[in-house]
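The residues making up each chain are set out below.
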Amino acid sequence: MKDLTPSRESLNPIEIASRDEIAALQLQRLKWSLRHAYESVPHYKASFDAAGVHPDDLTELADLAKFPLTVKQDLRDNYPFGMFAVPREQVKRIHASSGTTGQPTVVGYTENDLQVWGEVVARSLRASGLRPGDILHNAYGYGLFTGGLGIHLGADALGLTTVPVSGGMTQRQVRLIEDFGAKGITVTPSYALSILDEYAAQGLDPRNSPLEVGIFGAEPWTNAMRKEIEDAFDMHAVDIYGLSEIMGPGVANECVETKDGLHIWEDHFYPEVINPETGEVLPDGEPGELVFTSLSKEAFPIIRYRTRDLTRLLPGTARSMRRMEKVTGRTDDMIILRGVNVFPTQIEEQLMTVQGLAPHFQIELTRPDRMDEMKILTEAAEGFSAHDARVHAAATLRSRIKDSVGISVKVEVADPGGVARSQGKAVRIVDNRPPA
Ligand code: DLL
């Protein structure tokens, strides 16, 4: 793999500013953001008043803990435009969640917000090893999802040549990567695996592809998966994080030279980690639920938003800005199996260690005799599909999960191609338990 470290001179100076400088900017912006939310969004006026706090009560960053948390339901209750802080005419762009699990949540951006979004995504792409003039194959979905258009904004800001291919039509993805000579690919890690399969189907060696870096996010993935993808493509794999409620992709990104967690672009997004049960703010280094406050957003300021993502905050390394560790999962994806908390990433980590199994999987939950059961549906790797190999690999996976996670599961190994493929975010959990 080539060294893709960006030069110091190419960085935005704030990325490597002193902590004092960053904190001073954060405090100034945080004061503005609280006031902006309080004065322009009835929900924040009501929630601050109910909690007995006023934007003037913030004199240092730690005072933010006095302010109420915001949850997804607050956004749903204000559907569609109730959380906007500017007249609707000033909103240049709308994005929305799919709403498959209820009312969609709607977010908006002013011209200036789009500019900031482009800047933070450009930073992310540069941290990943891309530089002006490079070709980027953008396979995140375009549309209401923030992935495709968010990356596109940043690619424009950085000066890349963007191929706006979006998700789907996997055969064509391979063809365009090869024909156009893409250096970078932006895609969910699970869809990257589908593209990898397609290389095999077309008889092409992915290690000979022009790709030098993949920028993967929108769903949790493990360091074990990083290794799998890096080896398969002979390219770097870095993590990009974000969520629509805060901005979209580009809230945080790994640096290609360190790959040690994601630097949060803290001059625009202020992170806290809380105990998900008590709401108490935890010191850096402690694992918990990530909470974000926007520092510069005009159309859709967001104060102490509970992301439900589990991680911890770590000091800066390649940049002065703090890092978040790779997300282990979402509080709502946590499975409690006979008293043991399990995340799909823990299953992924074990799966990657077993020879003969492909990296695709789904977790099926059932309740046959009033006891929850978990079945891992995975598939045989190409060339390992013989019956004995399958039985052996399934047994190995079962015992590794038992040893490392502490739960007994069933493992079903389908033929290659037998597990449903994603073209965006993978569906990891299929819950077939009867409703409680
Ligand atoms: O997924 C934005 C995005 C697009 C990020 C493309 C990165 C790349 P939403 O659809 O609102 O936005 O989903 C946000 O996805 O709260 C996490 O649970 C999950 N997520 C996003 N990035 C990561 C990541 C986009 N790198 C939700 N690791 C978040 C783990 C991630 N989970």
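Note: the structure precedes this text.
An account of the accompanying structure is given in this report. (Residues numbered from 1 in each chain as written. Predicted model: local features only at pLDDT ≥ 70, side-chain atom pairs only at ≥ 80, totals over all residues. Heavy atoms only, no water.)

Points about helix 1 (residues 19-40)
Quick reminder of the rule: Strands here mean DSSP runs of E at least two residues long; helices mean DSSP runs of H or I at least four residues long; both are numbered from the N terminus. One less than the residue count of a helix, multiplied by 1.5 Å, gives the span that helix is expected to have. Throughout, exposure labels follow a simple rule: accessible area from a 1.4 Å probe, protein chains only, divided by the maximum for the residue type, with under 20% read as buried, over 50% as exposed, and the rest as partly exposed. Residue contacts are defined here by distance: any two heavy atoms, one from each residue, within 4.5 Å place the two residues in contact.
Taking 1.5 Å of rise per residue, 22 residues should cover 32 Å, and helix 1 covers 31 Å from first to last C-alpha, within 8% of that figure. Ile-22, Gln-26, Leu-30, Ser-33, Leu-34, His-36, Ala-37 and Tyr-38 are the residues of helix 1 that are buried. Where helix 1 is buried, its residues meet helix 2 (42-51), strand 10 (269-274) and strand 11 (288-294).

A short note on unusual backbone geometry
Cis geometry is adopted by the peptide bond preceding Pro-80, which originates at Tyr-79 and carries an omega value of -5°. For Ser-166, which is not glycine, the phi torsion reads 65° and is therefore positive. Using a relative accessible area of 18% as the deciding quantity, one classes Ser-166 as buried. We note that Arg-304 has phi near 50°; this positive angle belongs to a residue other than glycine. Among the structural elements, Arg-304 can be located in the loop between strand 11 and strand 12 (305-311).

Side note on the sheet that holds strand 8 (residues 248-254)
Basically, it comes down to this: DSSP-based pairing: two strands are paired if at least 2 bridges between them are found. Only the stretch in contact is used when fitting a helix axis, every axis being a line fitted to C-alpha atoms; angles between N-to-C directions are given from 0 to 180 degrees.
If you walk across this open sheet you meet the nine strands as 4-3-5-6-7-8-9-14-13, and the pairing is mixed. The sheet is open, and its two borders are formed by strand 4 (161-163) and strand 13 (313-314), each paired with just one other strand. For strand 5 (residues 184-187) and strand 6 (residues 213-217), the ladder comprises four bridges, and the chain directions are parallel. Within the sheet, the bridge partner assigned to Val-187 lies in strand 6 and is Phe-216. Across the face of the sheet, helix 4 (residues 111-127) comes into contact with strand 3 (135-138), strand 5, strand 6, strand 7 (236-243) and strand 8 while running at roughly 35° to strand 8. Contacts from helix 6 (residues 170-180) reach strand 3, strand 4 and strand 5 within the one sheet, and its direction differs from that of strand 3 by about 175°.

Topic: the pattern of salt bridges
For clarity, the cut-off: We count a salt bridge whenever a side-chain nitrogen from Lys or Arg sits within 4 Å of a carboxyl oxygen from Asp or Glu.
Per the counting criterion, the structure on display carries 39 salt bridges. Residues Asp-134 and Lys-183 are paired through a salt bridge, measuring 2.9 Å at the closest nitrogen-oxygen approach. With Asp-134 in the loop between helix 4 and strand 3 and Lys-183 in the loop between helix 6 and strand 5, this pair connects stretches of sequence that are 49 residues apart. Here Asp-134 and Lys-183 have matching classes, each one buried. Across the salt bridge formed by Asp-234 and Arg-207, the nearest N and O atoms sit 3.8 Å from each other. One end of the pair, Asp-234, is in the loop between helix 8 (223-233) and strand 7; the other, Arg-207, is in the loop between helix 7 (189-201) and strand 6, and 27 residues separate them in sequence. One salt-bridge network, in which partners are shared between bridges, spans Glu-15, Arg-126, Glu-257 and Arg-319.

Observations concerning the side chain of Asp-267
Under the convention used in this document: N or O atoms closer than or at 3.5 Å make up a polar contact, with two conditions inside protein: a donor-capable atom paired with an acceptor-capable one, and, for residues adjacent in sequence, both atoms drawn from side chains.
Secondary-structure assignment places Asp-267 in the loop between strand 9 (262-264) and strand 10. By relative accessible area, which is 4% here, Asp-267 ends up buried. A polar side-chain atom of Asp-267 sits 2.8 Å from a polar atom in the side chain of Arg-123. Setting aside its immediate chain neighbours within four residues, Asp-267 contacts Ile-14, Leu-25, Arg-29, Arg-123, Leu-295 and Met-321.

Structural notes on the nonpolar core
Condition: Here the nonpolar core consists of buried residues drawn from Ala, Val, Leu, Ile, Met, Phe, Trp, Tyr and Cys, with membership extended through side-chain atoms lying within 4.5 Å.
Within the largest apolar cluster, 70 residues are counted, with the highest numbers of intra-cluster contacts made by Leu-125 and Tyr-241. Per-element tally for this core: the top contributor is helix 4, with seven residues. Setting aside chain neighbours within four positions, we find Leu-125 in contact with Leu-130, Leu-136, Ile-151, Gly-154, Ala-155, Leu-158, Leu-160, Thr-186 and Ile-215. If you look at the next biggest cluster of nonpolar residues, it comprises 24 residues, including Val-163, Ala-192, Leu-211 and Ala-237.

Describing the packing of helix 9 (residues 344-351) against helix 10 (residues 387-404)
Filter applied, for reference: Oblique is the label for any angle not covered by the other classes, which are roughly parallel (under 35 degrees), roughly antiparallel (over 145) and roughly perpendicular (65 to 115). Should the near helix be turned counterclockwise from the far one by less than a right angle, the crossing is left-handed, whereas a clockwise turn marks it as right-handed.
With their axes 9 Å apart at the nearest point, helix 9 and helix 10 run at an angle of 130° to one another. With respect to helix 10, the axis of helix 9 lies oblique. Considering how the two elements wind past one another, helix 9 and helix 10 form a crossing that is right-handed. Residues Ile-347, Gln-350 and Leu-351 of helix 9 touch helix 10, and the partners they reach there are Leu-397, Arg-400, Ile-401 and Ser-404.

Regarding the packing of aromatic side chains
Heads up, the rule is: Only the six-membered ring of Trp is used, alongside the rings of Phe and Tyr, when aromatic pairs are assigned; centres must lie within 6.5 Å, and planes under 30 degrees apart are stacked while those over 60 apart are edge-to-face, with the rest tilted. Note on geometry: a ring has a charge over it if NZ (lysine) or CZ (arginine) is within 6 Å of the ring centre and within 35 degrees of the ring normal.
Under the counting rule described, the total for this entry stands at nine aromatic pairs. The interplanar angle of 70° and the centroid separation of 5.1 Å between the aromatic rings of Phe-48 and Phe-67 together place this pair among those described as edge-to-face. Of the two residues, Phe-48 sits in helix 2 while Phe-67 sits in the loop between helix 2 and helix 3 (72-77), which places them 19 residues apart along the sequence. We note that Phe-48, like Phe-67, is buried. With centroids separated by 5.4 Å and ring planes inclined at 80°, the aromatic side chains of Phe-216 and Trp-221 adopt a geometry described as edge-to-face. Like Trp-221, Phe-216 is buried. These aromatic residues form a ring-pair network of at least three members: Tyr-38, Tyr-44, Phe-48 and Phe-67. Against the face of Tyr-270 rests Arg-322, its NZ or CZ located 5.9 Å from the ring centre. Of note, Lys-326 hangs over the ring of Trp-221, and the distance from its end group to the ring centre comes to 3.5 Å.

Read these as spatial facts, not as claims about activity.
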